[in-house]
Amino acid sequence: MSIKVIRPGLNTTFQDRGRSNFYHIGIPFSGAMDTRNFLITNKLVGNDLNDAVLEFALQGPKLKINENNINCVVTGNVDFTVKKNSKIYKGDCYKTFSLNTDDEIDIISTNNSMYGYFAISGGFKLEKKWNSYSTHLKSKLGPNNGNKIIEHDNLQLNRNQKPVNKKEINYVNSKIEFIRVIKGTNFDYFSSKSHKSFLDSQYQVTNLTDRMGMRLEGDKLENIKSENIKSEGLIKGAIQVPPDGKPIIMLSDHGTIGGYPKIAVIISADYDKIVQLPPLSKIKFKMIDIKDAEKIFRLYSMETKNILDQI
Amino acid sequence: MIKNISNLGDAAIYCDFGSEVSKKVNHEVIKYFKTLKNKNIKGITNLAPSYNKLIITFDLEIINYKELIEKIHDLKLDETDWNFSNKKIIPICIDEEFALDIDRVSKKTNLNFKEIYKNILSKELYCYMTGFVAGMPFLGDTNKNIWLKRLETPRVKVPKGSVGITEQFCNIYTYESPGGWNIIGNTPVKIFNKNEEENPVLIKPGDSVQFYEITKKEFNKIKE
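Residues numbered from 1 in each chain as written. Chains lettered and ligands numbered in written order. Predicted model: local features only at pLDDT ≥ 70, side-chain atom pairs only at ≥ 80, totals over all residues. Heavy atoms only, no water.

Asks: Outline the packing of helix α1 (residues 35-44) of chain A against helix α4 (residues 290-310) of chain A, listing residues and values.
Replies: Residue and element names in this part refer to chain A. With their axes 10 Å apart at the nearest point, α1 and α4 run at an angle of 20 degrees to one another. One element, α1, and the other, α4, form an angle in the roughly parallel class. In the packing of α1 onto α4, the handedness of the crossing is right-handed. Residues R36, L39, I40 and K43 of α1 form the contact with α4, whose own contacting residues are Y300, E303, T304, I307, L308 and D309. Residues belonging to the contact of α1 with α4 are distributed by class as follows: five nonpolar, one polar and four charged. (Axes fitted to C-alpha atoms, helices over the stretch in contact; angles between N-to-C directions. Helix = DSSP H or I, 4+ residues; strand = E, 2+ residues; numbered from the N terminus. Parallel < 35°, antiparallel > 145°, perpendicular 65-115°, else oblique. Left-handed = near helix turned anticlockwise from the far one by under 90°. Contact = heavy atoms within 4.5 Å. Nonpolar A, V, L, I, M, F, W, Y, C, P; charged D, E, K, R; others polar.)

Structure follows, in structure tokens:
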């Protein structure tokens, strides 16, 4: 009952919804970057919504199946092919398909996005580490001893591969025009000219982006108060501005303590969208107040529920 | 006491205990942190205590910032004898192989090696917080004559176990990682152990740390 890794891809890890309650010793949430796509993935293959999936970034893995009747799915904006009886077919995302011994799946790349997901009915055979299946590379915590999957790994599957119905859903990963933010605790550290730059000009996602954070390029943000604050806790979605004036967005694997002023925080409802922006994407920020952020979150959450109910 | 509570984004609150960094203020932060941890308030997902702040994240499906701020205002601290006297004795090897920045520290502080280490080894340091990477303790305050800034250009790789100083603080790199602290030695002791789920961190906020010098031979022996 296993799947052999022929090519691991750039950054392929097991993730679930994340790991809570360890910020105070330096362990962030981790977990699937794009929560909505993660939930859809598990629902499509009939697994528990918090079951572990394989998350890949940009280039995905190539896998060879050593078992019959494996029901699986790929989600995200992903180009992939399936090899069955020496014939190669183009795969469809958000549509379950079955694989048999010696079949291969080649997840070529995410398309104009960062992350995609692969799951199988019944799930991978893994042990929870600190209450979660999520991999945190930095502290080497999680399944696979906290590492990315590598070539020649044999990914073990659960034995109770229950028969499930084929499922599919028509889901489009929409682009958003603005990333909405709430004022950060150090918003007033920045000049009014910088406030204007932050909200009116475009920022570009640089190559320095990974599961820990996303560095942006654009108008320099000028700190008129103090370039360092006393180191304090960080959260995902917080936008820190180091002395070079270029914003860094903290993402799911962020360091838990930081000493740079926080100009803003991304609203929860836009988190799944921002993490999917690949390098060179353009971002515009829009400031809203917390009441609106909560309202938008309720709508987003309801929408997610509706999508899951349709599956 | 908490001076001010505000929201940080839509899924966290930010408790500010004032601008002062001192043991006294940090004790208050830790009392709130421990009380909240024991209370297990529904919806709270993480607690991040630091020198003089406490950040609390929550699940927006369960609770919102307004409700949580009210709960924090009404919070009664656990009535226990708060113990801030745990002392950890940590070996440090100052062999030149490990003391990567001792020349720089000496130049910047106008002290010779012996004087620098006397300052480190003669003072009990207090652990204000742990984090950034897993288990990294932020210790202080060091004697004023060894205060100096971070490296102008941070190292891409600081070896695991490195002991570094910056401003009035001292820390220990629990993993090999990038960093800009002035490295003056290395400890062979495991400060963070992921296989000890119940008690993974050797030095906790509120503990004190006393370094003692060991030879390279002793270092290698402990490392085994």
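Asks: Before we move on, could you go through the sheet that holds strand β10 (residues 115-120) of chain A and cite the residues and values that matter?
Replies: Residue and element names in this part refer to chain A. Taken in spatial order, the five strands line up as β2-β3-β10-β5-β8 in an open sheet, and their pairing is antiparallel. Each end of this open sheet is capped by a strand with a single partner; those strands are β2 (13-15) and β8 (97-99). The sheet shows a mean angle of 35 degrees between the axes of neighbouring strands, direction not considered. (Pairing = 2+ DSSP bridges.)

Asks: Give me the lowdown on the environment of I70(A), citing residues and values where you can.
Replies: Looking at the secondary structure, you find I70(A) in strand β5 (residues 70-75). Sequence separation of I70(A) and T256(A) is 186 residues, and the distance between their C-alpha atoms is 39 Å.

Asks: Before we move on, could you go through α1(A) and cite the residues and values that matter?
Replies: Residues and elements named next belong to chain A. The buried count for α1 comes to nine of 10 residues, which makes it a mostly enclosed element. Every buried residue of α1 is listed here: T35, R36, N37, F38, L39, I40, T41, N42 and L44. On the buried face of α1, the contacting elements are β2, β3 (53-57), β5, β10, α3 (271-275) and α4. Count one or two residues on from α1 and you reach G46, which has phi positive near 75 degrees. (Buried < 20%, exposed > 50% of the residue type's maximum accessible area, 1.4 Å probe, protein only.)

Asks: Give me the lowdown on the interface of chain A and chain B, citing residues and values where you can.
Replies: Contacts between chain A and chain B engage 38 residues on the former and 44 residues on the latter. Regarding the contact of chain A and chain B, the summed buried area is about 3,600 Å², with carbon and sulfur atoms giving 60% of it. In terms of surface lost to chain B, no three residues of chain A exceed H24(A), W130(A) and I257(A), which account for 18% of the buried area on that side. Linking chain A to chain B there are 16 residue pairs in polar contact (both at pLDDT 80 or more). Counting only elements with at least two residues in the side of chain A that touches chain B, the list comes to β15 (232-233), β19 (262-266) and α4 of chain A. At six residues, α4(A) tops the list of elements feeding residues into the side of chain A that touches chain B. When grouped by side-chain class, the residues that make up the side of chain A that touches chain B number 16 nonpolar, 14 polar and eight charged. (Buried area = accessible area lost by both parts, 1.4 Å probe. Polar contact = N/O pair within 3.5 Å; in protein donor to acceptor, adjacent residues only side chain to side chain.)

Asks: Requested: an account of the nonpolar core, with residues and values cited.
Replies: Residues F118(A), I274(A) and F285(A) are the most contacted members of the largest nonpolar core, which totals 69 residues. Considering each element in turn, this core owes the most residues, five residues, to β10(A). Among the domains, domain 1 (2-156) and domain 2 (179-309) of chain A are the pair contributing at least three residues each to this core. Counting 32 residues, the second-largest nonpolar core is a separate cluster that includes I290(A), I296(A), I2(B) and V25(B). (Core = buried A, V, L, I, M, F, W, Y, C linked by side-chain atoms within 4.5 Å. Domains from an automatic or database assignment.)

Asks: Pulling in residues and values, what's your account of the domain arrangement of chain B?
Replies: Interface size is commonly expressed as the accessible area that is lost once the parts come together. Residue and element names in this part refer to chain B. Along its sequence, chain B is carved into domain 1 (4-81) and domain 2 (87-223). The straight-line distance from the C-alpha centre of domain 1 to that of domain 2 is 29 Å. Around 800 Å² of area is buried between domain 1 and domain 2 when both sides are counted, 66% of it from carbon and sulfur atoms. At the junction of domain 1 and domain 2, the tally comes to zero salt bridges. (Salt bridge = Lys/Arg side-chain N within 4 Å of Asp/Glu carboxyl O.)

Asks: Outline the pattern of salt bridges, listing residues and values.
Replies: Residues and elements named next belong to chain A. In the structure shown here, the tally under the stated rule is 22 salt bridges over all chains. One salt bridge connects R36 with E303, and the closest N-O pair in it is separated by 3.0 Å. Pair noted here: R36 is in helix α1 and E303 is in helix α4, with a separation of 267 residues, a long-range link. A relative accessible area of 3% means that R36 is categorised as buried. Judged by relative accessible area, E303 falls into the partly exposed class, the value being 43%. Linking K196 and D200 is a salt bridge whose minimum nitrogen-to-oxygen distance equals 3.3 Å. Of the two residues, K196 and D200 are both situated in helix α2 (residues 192-200); the distance of four residues between them amounts to about one turn of the helix. By relative accessible area, which is 44% here, D200 ends up partly exposed. A cluster of three or more residues bridged by salt bridges with shared partners is formed by E55, R211 and D253.

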